[in-house]
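Results of the structural survey
Given next are the chains, with one letter for each unit.
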Amino acid sequence: MKKFTTVDDIGNLREAVDEALMIKKDRFAFSDLGRNRTLLMIFFNSSLRTRLSTQKAAINLGMNVIVLDVNQGAWKLETERGVIMDGDKAEHLLEAIPVMACYCDIIGVRSFAGLKDKNEDYEERVIEQFIRYSGKSVFSMEAATRHPLQSFADLITIEEFKTKPRPKVVMTWAPHPRALPQAVPNSFAEWMNRTDYEFVITHPEGYELDPRFVGNARVEYDRDKAFEGADFIYAKNWSAYADPNYGKVLSTDRSWMVDARAMSLTDNAFFMHCLPVRRNMIVSDDVIESERSIVIPEAANREISAQTVLKRLLEGLK
Ligand code: CP
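Given the structure is predicted, the values throughout are model-derived calculations rather than measurements. (Residues numbered from 1 in each chain as written. Predicted model: local features only at pLDDT ≥ 70, side-chain atom pairs only at ≥ 80, totals over all residues. Heavy atoms only, no water.)

The next point concerns the packing of aromatic side chains. Under the counting rule described, the total for this entry stands at 12 aromatic pairs. Lying over the aromatic face of Tyr241, Lys118 brings its terminal NZ or CZ to 3.7 Å of the ring centre. A cation over an aromatic ring shows up here: Lys311 above the ring of Phe30, its NZ or CZ 4.8 Å from the ring centre. (Phe/Tyr/Trp six-rings, centres within 6.5 Å; stacked < 30°, edge-to-face > 60°. Lys NZ or Arg CZ within 6 Å of the ring centre and 35° of its normal.)

If you want it as structure tokens, here you go:
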């Protein structure tokens, strides 16, 4: 594998999950694969899970790791070509990328959507420039429109916890005070659409996702109806995608919070969220603390999804 930014890069999902579960059984089995190889992790945005799990995955594979927080200690980077750089940005990405590439074999990039210009976000201008100008294997640690390491961990988690061959998985919008990107729901939808699960998306009107990600999912505006018989509830907030409201918060309707009443409509569903989560906005304390909440095993699987991806990228270097 040369890059990992979408579900398309991972190939057959059954094989990918089997490989991930094999790695989970013995995560040090490939500790020689990354010897004398260096991973550079570049963060344009904050992170807890991605930062720690990806670093741990690389260490399991014997890699050296360098972490750069662009906004803490590096020169402020200009990302657009043609800009007269007379402001506070001292370095252009077009020099910074090849320079950073001199020091590593594989590059992980976290660069969220700005939520101001839909075209700029959906063209994935930052990570695409890393792919184009670094000459290295590049993977997404959450880009503007997708978070594939998260979705892969979500899939592994569902495979581990499911008790039916074809579970009903419901992704539900939930309220949040700030405008968040669509990357996690886009990506989750993209991955779920590659499975044979029954996949339903529920959200208030106005929160329709890009149809390219919704794919064959059933969109149900009545959340109670969507929750009926669900085996997994995947909660997430996102801002509006459709014009003219791109990137805006249209609703903070607290009745969309996932609480015990909503969960009682399901078939004793497991509760999932990628974290970080705002308690009593997205999910009530009792639901996230319940025995059916699997947010911690889900987060733990971030190490496994990252290790599977890094293993394949290292194999691709040979
Ligand atoms: N789920 C996730 O990506 O968490 P972080 O933003 O903390 O990395």
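Quick look at the pairing of strand β2 (residues 38-43) now. For β2, a buried count of 6 out of 6 residues is recorded, marking the element as mostly surrounded by other parts of the structure. Residues of β2 alternate between two faces, with Thr38, Leu40 and Ile42 on one and Leu39, Met41 and Phe43 on the opposite face, all of them buried. Since β2 and strand β3 (residues 64-69) lie parallel, the crossover through helix α2 (residues 49-60) that links them has a hand, and here it is right-handed. Sheet topology note: the β2/strand β6 (residues 106-110) ladder contains 5 bridges and is parallel. (Buried < 20%, exposed > 50% of the residue type's maximum accessible area, 1.4 Å probe, protein only. Helix = DSSP H or I, 4+ residues; strand = E, 2+ residues; numbered from the N terminus. Right-handed = clockwise from strand over helix to strand, strands pointing away. Pairing = 2+ DSSP bridges.)

Attention shifts here to the domain arrangement of the chain. We note that the domain assignment places domain 1 (3-146 + 302-315) and domain 2 (150-298) within the chain. Computed over C-alpha atoms, the centres of domain 1 and domain 2 are 25 Å apart. Opposite the 31 residues of domain 1 that make contact, domain 2 presents 32 residues. Roughly 2,500 Å² is buried in total at the junction of domain 1 and domain 2, and carbon and sulfur atoms are behind 63% of that figure. Sorting the residues of domain 1 by area buried against domain 2 places Leu115, Lys118 and Tyr122 first, and these three jointly supply 28% of that buried surface. (Domains from an automatic or database assignment. Contact = heavy atoms within 4.5 Å. Buried area = accessible area lost by both parts, 1.4 Å probe.)

As a further point, take the side chain of Ser284. Its place among the elements puts Ser284 in the loop between β12 (270-272) and α11 (285-288). By relative accessible area, Ser284 is classed as buried at 6%. At 2.4 Å, the side chain of Ser284 forms a polar contact with the side chain of Asp286. Leaving out residues up to four positions away in the same chain, Ser284 has contacts with Met257, Val258, Asp259 and Ala260. (Polar contact = N/O pair within 3.5 Å; in protein donor to acceptor, adjacent residues only side chain to side chain.)

Okay, the nonpolar core next. Residues Ile10, Phe139, Phe152, Met171, Phe199 and Leu310 are the most contacted members of the largest nonpolar core, which totals 52 residues. Of all the elements, helix α12 (residues 295-317) adds the most residues to this core, at 6 residues. (Core = buried A, V, L, I, M, F, W, Y, C linked by side-chain atoms within 4.5 Å.)

Here we come to the layout of surface pockets. A volume near 720 Å³ is recorded for the largest pocket. Phe112, Glu142, Leu180, Pro181 and Pro276 are the residues nearest the centre of the largest pocket, which is lined by 32 residues in total. For the lining of the largest pocket, the secondary structure elements donating two or more residues are α2 and α7 (183-192). Ranked by residue count, the leading element in the lining of the largest pocket is α7, at 3 residues. Looking at the lining of the largest pocket residue by residue, the class counts come to 15 nonpolar, 9 polar and 8 charged. Composition of the lining of the largest pocket by domain shows at least three residues from each of domain 1 (3-146 + 302-315) and domain 2 (150-298). Here the second largest pocket is characterised by a volume of approximately 520 Å³. Thr79, Ser111, Phe112, Glu120 and Val126 are, among the 24 residues lining the second largest pocket, the residues nearest its centre. Mapped onto the lining of the second largest pocket, the elements with two or more residues apiece are α4 (118-122) and α5 (125-134). The element contributing the most residues to the lining of the second largest pocket is α5, with 3 residues. Of the residues assigned to the lining of the second largest pocket, the class counts are 10 nonpolar, 5 polar and 9 charged. (1 Å grid on protein atoms, 1.4 Å probe; cavity = no way out; pocket = protein on both sides within 12 Å on 5 of 7 lines; lining within 4 Å. Points joined across faces, edges and corners; volume = space filled by probe spheres on them. Nonpolar A, V, L, I, M, F, W, Y, C, P; charged D, E, K, R; others polar.)

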